[in-house]
Amino acid sequence: MSSDTIQVSSLPLPPMQYVNQYTDEIIRRCRAPKPPPPIQDTYHMFGNTFNTEDSIIRPLESQGIKRLYPQHFDRRRELKKLNHSLLANFLDLLDLLVNCPESPKRTEKVEDLSLLFIHIHHLLNEFRPHQARETLRVMMELQKRQRIETANRFQKHLDKVMEILQQAIQNLPEPMDLDSKIMVETDLIMRQEKMDKSDANSDPCDIRDRIMCSIADKML
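This structure is a prediction, so every number in the text was calculated from the model and none was measured. (Residues numbered from 1 in each chain as written. Predicted model: local features only at pLDDT ≥ 70, side-chain atom pairs only at ≥ 80, totals over all residues. Heavy atoms only, no water.)

**A look at the overall build of the chain**
Link 1 in the chain: Summing up its helical and strand segments, the chain has eight helices and two strands in all.
Link 2 in the chain: Tracing the chain from N to C terminus, the helices and strands come up as α-α-α-β-β-α-α-α-α-α.
Link 3 in the chain: When each of the 220 residues of the chain is scored for burial, the buried share is 10%.
Link 4 in the chain: Across the chain, contacts joining residues at least 24 apart in sequence account for 50% of those joining residues at least 6 apart.
Link 5 in the chain: Looking at the chain as shown, the accessible area adds up to about 19400 Å², and 60% of this sits on carbon and sulfur atoms. (Helix = DSSP H or I, 4+ residues; strand = E, 2+ residues; numbered from the N terminus. Buried < 20%, exposed > 50% of the residue type's maximum accessible area, 1.4 Å probe, protein only. Contact = heavy atoms within 4.5 Å. Areas by Shrake-Rupley, 256 points an atom, 1.4 Å probe, with all protein chains shown as cover.)

**What to know about the side chain of K109**
Link 1 in the chain: Relative to the helices and strands, K109 resides in helix 5 (residues 105-126).
Link 2 in the chain: Setting aside chain neighbours within four positions, we find K109 in contact with N89, D92, L93 and L96.

**Notes on the side chain of N89**
Link 1 in the chain: Here N89 lies in helix 4 (residues 75-99).
Link 2 in the chain: Contacts of N89, omitting those with residues within four sequence positions, involve K109, D112, L113 and L116.

**Quick look at the pairing of strand 1 (residues 42-45)**
Link 1 in the chain: Where strand 1 lies against strand 2 (residues 48-51), four bridges are found, and the strand directions are antiparallel. Within the sheet, the bridge partner assigned to Y43 lies in strand 2 and is F50.
Link 2 in the chain: Taken together, strand 1 and the strand that follows it, strand 2, pair antiparallel across an intervening segment of two residues, in which F46 is found at a positive phi of about 55 degrees. (Pairing = 2+ DSSP bridges.)

**Brief notes about the layout of surface pockets**
Where empty space is left in the structure can be found by rolling a water-sized probe over the atoms.
Link 1 in the chain: Empty space within the largest pocket amounts to approximately 530 Å³.
Link 2 in the chain: The wall of the largest pocket is formed by 20 residues, among which F50, I56, Q63, H121 and N125 lie closest to the centre.
Link 3 in the chain: It is helix 5 that provides the largest number of residues to the lining of the largest pocket, a total of four residues.
Link 4 in the chain: When the residues that make up the lining of the largest pocket are grouped by side-chain class, the tally is nine nonpolar, eight polar and three charged. (1 Å grid on protein atoms, 1.4 Å probe; cavity = no way out; pocket = protein on both sides within 12 Å on 5 of 7 lines; lining within 4 Å. Points joined across faces, edges and corners; volume = space filled by probe spheres on them. Nonpolar A, V, L, I, M, F, W, Y, C, P; charged D, E, K, R; others polar.)

Read these as layout, nothing more, since geometry by itself doesn't imply function.
Here's what the structure looks like:
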């Protein structure tokens, strides 16, 4: 491995620059950097510190945020309530900005709006595992349908091939006709062999040569 590849794999790279190191050409030449090691303990994302042992959706209490709804609740109902509260607090903030812009309640309303947005965002994030399962289910259903369609097409081709083979078998001659043809060809071959043998055993001398030899024998 060249020195530039070792340097690339040893230095941390931004995400997009790291992805650019995995082009088809680089992979074909076996010069792609090694994958990063698994993250241990804690990591930083969006300015926050996360622990690998924590759950994907952390409770609000672990983030130091006051919970506005109970532990057991209906998410749809709570989202509607939060949406209504958000609209009411936004109208109150507009009223304060129009009538009393310097009132300290303006800061309280902004904090209330921020807290409501955090709760809405948290409730939506709690739907992410369900969304991931549904997305996976849809993908598996699509793969299943594609495999079934492929199997059906293969079965149609197989049936067509079997039909062609059956027609070819039906068009073959009957066994008796086949035997008779074989026997006829065998008789012809045997006759030809007998004729060849008789020709080989016959006298190769011409009849006139034989007459002349007979006359010469009598004169002696």
